[in-house]
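In case you want the letters, here they are:
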Amino acid sequence: MALTEFVERTEAPSPVQPVSVRPETRRPVSLPRSLPQREKTNWIRVGVLMAAGALPVSAIPLYVLGVLPMSWAALLVIPLMAAKAVLIKRGSPEGRWAGQGMVAGLVAVTAYDGLRLPMAYLSGLWPDFIPRLGGWIMETHSGNVPVGYLWRYIGDGGGIAVAFFVFCGALMNIWPSLVCRRPVTLAVGYGVFVWLGLIATVVLLPRGEEFLFVPTAPILVLSLLGHLIYGAVLGVFLSRSVRHMDMAKHAKTTTARRTLPTQRTGSDRTVGASATSASSEQ
């Protein structure tokens, strides 16, 4: 072999071998805290909020039956309403649902009365028993309009909406598709359910017609229409709440996926540095 040929072979650079990193050398990457997680339902808060929402309207048939005086029911409602206000203010998941339900209920009962009050005071087709309700609470024979309508709006209209929204919030952690697919239909069905309870109180209880109203055909139709309006308004608010919740979860998931940290071990960095220096020498 010639000397020059030997020198050329010995001085020729050796080819750079590709560097491979095994997946086992990487440490597990911890997920960021912003990933959405299903919130656990606090059933004690759910029970308190649903009781606070349902008691004002449930007290009416109990009073008609002679089981619970309305003045006593008011004494029970006041601490429950205070507890509801505290839970809404603290901003727990159940409290947020209750707050949304209270707003939706006030708007819905206002829309309901947009139909009922003209029928009561302009046409006379639908006698107004709400002032009489205020008299029951104050234990007077004459009606009390402010107390009666305060009970109707804050207690009945807002209360049953709070119970409905809190129940839907609990369902979101158990059976979310039931709420998310058709929230308006679900809320309208709830309005029909409340209407059936009202008609059962009037028709089935012995003194229902005497205490409330005589269920004539126009009153039945108008009361059903009013409860359909009430349920539809609740459904609009519920669909909005569900949509905002889905958008928030989607935004959190997208942000979390874009900001996942990449962690490498010391051996990974050493191998990477060796590969970089080898490529630069080429």
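In what follows, the structure referred to is the one given above.
Scoring rules and cut-offs
- Residues numbered from 1 in each chain as written.
- Predicted model: local features only at pLDDT ≥ 70, side-chain atom pairs only at ≥ 80, totals over all residues.
- Heavy atoms only, no water.
- Helix = DSSP H or I, 4+ residues; strand = E, 2+ residues; numbered from the N terminus.
- Buried < 20%, exposed > 50% of the residue type's maximum accessible area, 1.4 Å probe, protein only.
- Contact = heavy atoms within 4.5 Å.
- Areas by Shrake-Rupley, 256 points an atom, 1.4 Å probe, with all protein chains shown as cover.
- Axes fitted to C-alpha atoms, helices over the stretch in contact; angles between N-to-C directions.
- Parallel < 35°, antiparallel > 145°, perpendicular 65-115°, else oblique.
- Left-handed = near helix turned anticlockwise from the far one by under 90°.
- Nonpolar A, V, L, I, M, F, W, Y, C, P; charged D, E, K, R; others polar.
- Expected span 1.5 Å × (residues − 1).
- Bend = angle between axes of the 7 residues up to and from the residue.
- Polar contact = N/O pair within 3.5 Å; in protein donor to acceptor, adjacent residues only side chain to side chain.
- Phe/Tyr/Trp six-rings, centres within 6.5 Å; stacked < 30°, edge-to-face > 60°.
- Lys NZ or Arg CZ within 6 Å of the ring centre and 35° of its normal.
- Salt bridge = Lys/Arg side-chain N within 4 Å of Asp/Glu carboxyl O.

A.B. asks: So what about the overall build of the chain? Which residues, and what values?
C.D. replies: Looking only at helices and strands, one finds 11 helices and 0 strands in the chain. Helices and strands appear in the chain in the N-to-C order α-α-α-α-α-α-α-α-α-α-α. Expressed as a percentage of the 282 residues in the chain, the buried residues total 36%. Counted over contacts in the chain with a minimum sequence separation of 6, partners at least 24 positions apart contribute 75%. Accessible surface for the chain amounts to roughly 16,800 Å². Of this, 65% is attributable to carbon and sulfur atoms.

A.B. asks: Run through the packing of helix H4 (residues 93-123) against helix H6 (residues 145-171), naming residues and quoting values.
C.D. replies: Closest axis-to-axis distance for the H4/H6 pair is 6 Å, and the angle between their directions is 135 degrees. The orientation of H4 relative to H6 falls into the category oblique. Where H4 crosses over H6, the handedness of that crossing is right-handed. Grouping the constituent residues of the contact of H4 with H6 by class yields 16 nonpolar, 7 polar and 4 charged.

A.B. asks: Could you give me a rundown of the environment of Ile 130, with the residues and numbers involved?
C.D. replies: Counting through the fold element by element, Ile 130 comes out in helix H5 (residues 130-138). Residue Ile 130 is classed as buried on the basis of its relative accessible area, which comes to 2%. For Ile 130, the contacting residues outside a window of four places in its chain are Arg 116, Asn 144, Gly 148, Tyr 149 and Arg 152.

A.B. asks: Describe H6, with residues and values.
C.D. replies: The first and last C-alpha atoms of H6 sit 37 Å apart over 27 residues, in line with the 39 Å expected at 1.5 Å per residue. Along H6, the helix axis deviates most sharply at Gly 159, where the bend reaches about 35 degrees. H6 sits mainly inside the fold: 20 of its 27 residues count as buried. A distance of 3.1 Å separates the backbone nitrogen of Val 147 from a side-chain oxygen at the start of H6, and that oxygen is part of Asn 144.

A.B. asks: Lay out the packing of aromatic side chains with the relevant residues and their values.
C.D. replies: According to the stated counting rule, one finds 10 aromatic pairs in the structure shown. Through pairs of rings, three or more aromatic residues link up here, namely Trp 97, Phe 164, Phe 165, Tyr 190 and Phe 193. Directly above the aromatic system of Tyr 112 lies the positively charged group of Arg 152, at a separation of 4.9 Å from the ring centroid.

A.B. asks: With reference to specific residues and values, describe the pattern of salt bridges.
C.D. replies: One pass over the full model with this rule turns up 4 salt bridges. Put simply, Arg 45 and Glu 94 hold a salt bridge, and the shortest N to O gap is 2.9 Å. With a gap of 49 residues between them, Arg 45 in helix H2 (residues 43-64) and Glu 94 in helix H4 connect regions that are remote in the sequence. When its relative accessible area of 25% is taken as the criterion, Arg 45 is described as partly exposed. According to the relative accessible area criterion, Glu 94 is buried, its value standing at 5%. Close ionic contact of Asp 113 with Arg 116 constitutes a salt bridge, the shortest N to O distance being 2.8 Å.

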